[in-house]
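Tertiary structure, described
These are the residues of each chain, in order.
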Amino acid sequence: MPNWYGYGNLGHGATTTASSNWVYATDSTAASATYTWWPNTYYSTQTLPCPQRSAEELQRDYEEIASREAERRQAQAEQERERAEAVRQAEELLRSCLGEERLAEYKTKGCLSVDSPSKPGRRYVVDAHSRIKVYEADKLVEELCVHLVDPLSLANDSRWLPEPDVVLGKVWLIENDEERLLRVAMRVANHNRR
Amino acid sequence: MGTMSIMGRTGDTKVTWDSEIPAEVEAAREAFKTYMDKGFMAYRVKGLIAEETRGRKGEQILDFDPEDETIIFVPPIAGG
């Protein structure tokens, strides 16, 4: 039965807490130290034995943890830079397709208004991640839930795509194939309208 | 010179072709088919923005025409 040392979210000899995401542990009985990550649920109710360790061993482990944390932060910063560049490109695409005026409208309001091609008086309000809102005579009549699907992950969510791309995709869907939008979308009626 | 822009996670990927160079047209046609097979929606964009106050309309297309100037691919939709 190995003895487990805990670091990171786990205090020495302490019980893990339900709010901790991960437990970092080493097996002190192995000939060479092994490092493994577990989800917190595995140990969430156990108190772990924690033998004394030398200052050098602790220092070495803390440095390794710090190094991993630095790598994680660097990777996160890189992801944020890539996302910002993707959003910049998507805004440029929106501007080149819909014009400066509509890009400004989107950046100011966070949404775009599109007139129904088939029904006078009906208007759609489109943003990146909320349902498409359908107004008739300026009254909200229903909401439409659609996503642009990532063909790789098939995740039913548009968050993988830069926001201006999602908006442009929805605007063109309304303008070109409103019937398909109404067929595919999950529709939520507004029962409060009068 | 034609351009395809394919929307994606890291921004749009571009494919360009010269309608007078058969090899480029063929490569673009192949790319068009690949994205259509994945369920993407293709829109042809024409005209200049200044000509229309509400921007350019994207016209949905099903077939590749090498004379098109700009084609935008939008990922497939699903109800949520």
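All of these numbers come straight from a predicted model, not from anything done at the bench. Here the residue numbers are simple positions, counted from 1 along each chain's written sequence. Note on labels: chains are lettered from A, ligands numbered from 1, in written order. Where local features are concerned, this predicted model is filtered to residues with pLDDT of at least 70; where side-chain atom pairs are given and counted, the filter is 80 or more; whole-chain, interface and lining totals use all residues.

**Topic: the overall build of chain B**
Looking only at helices and strands, chain B features one helix and six strands. Start at the N end of chain B and walk to the C end: the helices and strands fall as β-β-α-β-β-β-β. For chain B, the proportion of contacts with a sequence separation of at least 24, taken over those separated by at least 6, is 51%. Going along the chain from the N terminus, every DSSP run of H or I of four or more residues is numbered as a helix, and every run of E of two or more is numbered as a strand. Throughout, a residue-residue contact means that the two C-beta atoms, derived from backbone geometry, are no farther apart than 7 Å.

**As for the sheet that holds strand β3 (residues 41-45) of chain B**
Two strands form a pair only when DSSP identifies at least two bridges running between them. Taken together, five strands build an open sheet; the order of strands is β2-β1-β5-β3-β4 (chain B) and the sheet is mixed. The open sheet has two edge strands with one neighbour each: β2 (13-17) and β4 (58-61) of chain B. Going across the sheet, the axis of each strand differs from the next one's by a mean of 25°, ignoring polarity. Relative to β4(B), β3(B) runs antiparallel, the two being bridged by four bridges. By the bridge assignment, B:Y43 is partnered in β4(B) with B:Q60. Axes here refer to lines fitted to C-alpha atoms; in helices the fit is confined to the stretch in contact. Angles between the N-to-C directions go from 0 to 180 degrees. Taken strand by strand, helix α3 (residues 163-184) of chain A contacts β3, β4 and β5 (70-74) of chain B, and its axis lies near 70° from that of β4(B).

**Description of the confidence of the model for chain B**
Residues and elements named next belong to chain B. Of all residues in chain B, 88% attain a pLDDT of 70 or more, and the chain-wide mean is 88. What pLDDT conveys is the predictor's confidence in a given residue, as a value from 0 to 100. When pLDDT is averaged over each element of chain B, helix α1 (residues 22-37) comes out on top at 95 and strand β6 (residues 77-79) at the bottom at 89. Complex prediction metrics read pTM 0.72 and ipTM 0.87.

**Overview of the interface of chain A and chain B**
With 31 residues of chain A in contact, the opposing surface of chain B contributes 26 residues. Note: strand β7 (residues 139-148) of chain A against β6(B), three bridges, orientation antiparallel. In the strand pairing of β6(B), A:V146 is matched with B:G79.

**With respect to α1(B)**
Residue and element names in this part refer to chain B. Between the first and last residue of a helix there are one fewer steps than residues, each counted as 1.5 Å, and that sum is the expected span. Along its 16 residues, α1 runs 22 Å from first to last C-alpha, staying within 8% of the 22 Å computed at 1.5 Å per residue. Every C-beta atom is placed from the backbone, and the number of other C-beta atoms within 10 Å of a residue's own sets its class: buried at 20 or more, exposed at 12 or fewer, partly exposed in between. Within α1, burial applies to A28, F32 and Y35. The arc enclosing the buried residues of α1, seen along the axis, measures out at 70°, which places them on a common side. Across from the buried face of α1, at angles greater than 90 degrees, the exposed residues are P22, A23, E26, E30, K33 and D37. Residues of α1 that are buried in the fold lie against β1 (2-6), β2, β3 and β5. Note on α1: the residue one or two positions beyond its end, G39, has a positive phi of about 95°. Comment: arc refers to directions from the helix axis out to C-beta atoms.

**Examining the packing of helix α1 (residues 55-98) of chain A against helix α2 (residues 100-109) of chain A**
Residues and elements named next belong to chain A. Across the interface, α1 lies against α2 with an axial gap of 7 Å and an inter-helix angle of 135°. Of the possible angle classes, the one that applies to α1 and α2 is oblique. Facing E91, L94, R95 and L98 of α1, the residues of α2 in contact are E100, R102, L103 and Y106. Three classes are used, and their members are as follows: Ala, Val, Leu, Ile, Met, Phe, Trp, Tyr, Cys and Pro are nonpolar, Asp, Glu, Lys and Arg are charged, and the others, Gly among them, are polar. Along the lines of polarity and charge, the residues of the contact of α1 with α2 split into four nonpolar, no polar and four charged. Small angles under 35 degrees read as roughly parallel and large ones over 145 as roughly antiparallel, with 65 to 115 read as roughly perpendicular and the rest as oblique.

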